Amino acid sequence: MSGRGAATGVRHLLRVDWSPRGEVDLEAWPFTVPAVAQLVREGGMDVAPGVTLLAGENGSGKSTLVEALAAVYPRSGARSNYAHLTGPDASEEDSPLRRHLVARTVPLAARAGFFLRAEVMHEFLATVDANPAESKAWGGAELRARSHGEAFLTVLRHRFDEVGVYFLDEPEAPLSFQSTLSLLLLLDMLRREGSQVVVATHSPMLAALPGATLIEVGEWGMRRVGYDELELARSWRDFMASPDRYLHYLLADA
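Quick summary incoming for the structure in this document.

About the cut-offs
- Residues numbered from 1 in each chain as written.
- Predicted model: local features only at pLDDT ≥ 70, side-chain atom pairs only at ≥ 80, totals over all residues.
- Heavy atoms only, no water.
- Pairing = 2+ DSSP bridges.
- Helix = DSSP H or I, 4+ residues; strand = E, 2+ residues; numbered from the N terminus.
- Axes fitted to C-alpha atoms, helices over the stretch in contact; angles between N-to-C directions.
- Contact = heavy atoms within 4.5 Å.

**Considerations on the sheet that holds strand 8 (residues 213-218)**
Okay, step 1: Ordered by their spatial adjacency, six strands build an open sheet running 5-6-7-3-8-9, and the pairing between neighbours is mixed. Here the strands that pair on one side only, and so sit at the sheet edges, are strand 5 (113-117) and strand 9 (221-225). Each neighbouring strand pair of the sheet contributes to a mean axis angle of 15°, computed without reference to strand direction.
Okay, step 2: Strands in contact with helix 1 (residues 34-41) are strand 8 and strand 9; relative to strand 9, the strand with the most contacts, it is inclined by about 90°.

Set out below in structure tokens:
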């Protein structure tokens, strides 16, 4: 796949380097996950310009990687000291991988950015709604008064409007077909304007974004693929081509 647009090659985050702090038990989770083990073995992970999509099954490590990258990139929400502009902070429930990574950035790398993590966004948006100082920064919207999908779209409208580095963990989870198309347009706009975006996804729609770097994550670790090589895309294509036949064999084995 080839990118398009004047700012396609812009990078802020060049790579994350494996830089262990003290003893690390490489026989413990998450270091036993093949994708994480590959990162350790190779001394880090390069981050491509534009949009990088990590696709794989549950438990493959894609969310662990995005979470760790988001934790180490020095985004600061340049607009305001009074509002949560960078997304949920790291928590003790996150993997320890982030403690052993160091971000390598270009000089004057953008400090804007956001970490959108589907599973904790409801709690995060509750803290935004509870603080009157947040209102202006979020367009005066009461986020929890909206549906889950509408709240996500509000986040996308208000927090993804500066050149920066953005991290999204399964952002398609609450979105309809049409809303996912809106997210695709946003990802393309961010790339063209000079942002970097790293996305963990199960969505064949997002994976089809022209110009994106596709990394398939699984028992082999990480490998760069084209869309037609992506197991996620092949599986959805087979199902949509003949759902009755697909389900016949599936349910016959149940």
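**Quick look at unusual backbone geometry**
Okay, step 1: Along the chain, tryptophan 29 connects to proline 30 via a cis peptide bond; the corresponding omega equals 5°.
Okay, step 2: By the secondary structure assignment, proline 30 is in the loop between strand 1 (13-18) and helix 1.
Okay, step 3: For leucine 108, which is not glycine, the phi torsion reads 60° and is therefore positive.
Okay, step 4: As for its position among the elements, leucine 108 is in the loop between strand 4 (101-105) and strand 5.
Okay, step 5: Residues other than glycine seldom take positive phi values, yet glutamate 170 does so here, at roughly 50°.
Okay, step 6: In this fold, glutamate 170 is placed in the loop between strand 6 (165-169) and helix 5 (177-193).

**Here we look at the sheet that holds strand 4**
Okay, step 1: With antiparallel pairing, the three strands of this open sheet are ordered in space as 2-1-4. Of all strands in the sheet, those bounded by a partner on one side alone are strand 2 (44-46) and strand 4. The average undirected angle you get between the axes of adjacent strands in this sheet is 20°.
Okay, step 2: With three bridges joining them, strand 1 and strand 2 adopt antiparallel strand pairing. Paired with aspartate 17 across the bridge in strand 2 is glycine 44.
Okay, step 3: On the sheet, helix 1 packs against strand 1, strand 2 and strand 4 and is oriented at approximately 90° with respect to strand 1.

Geometric values such as these leave the question of function open.
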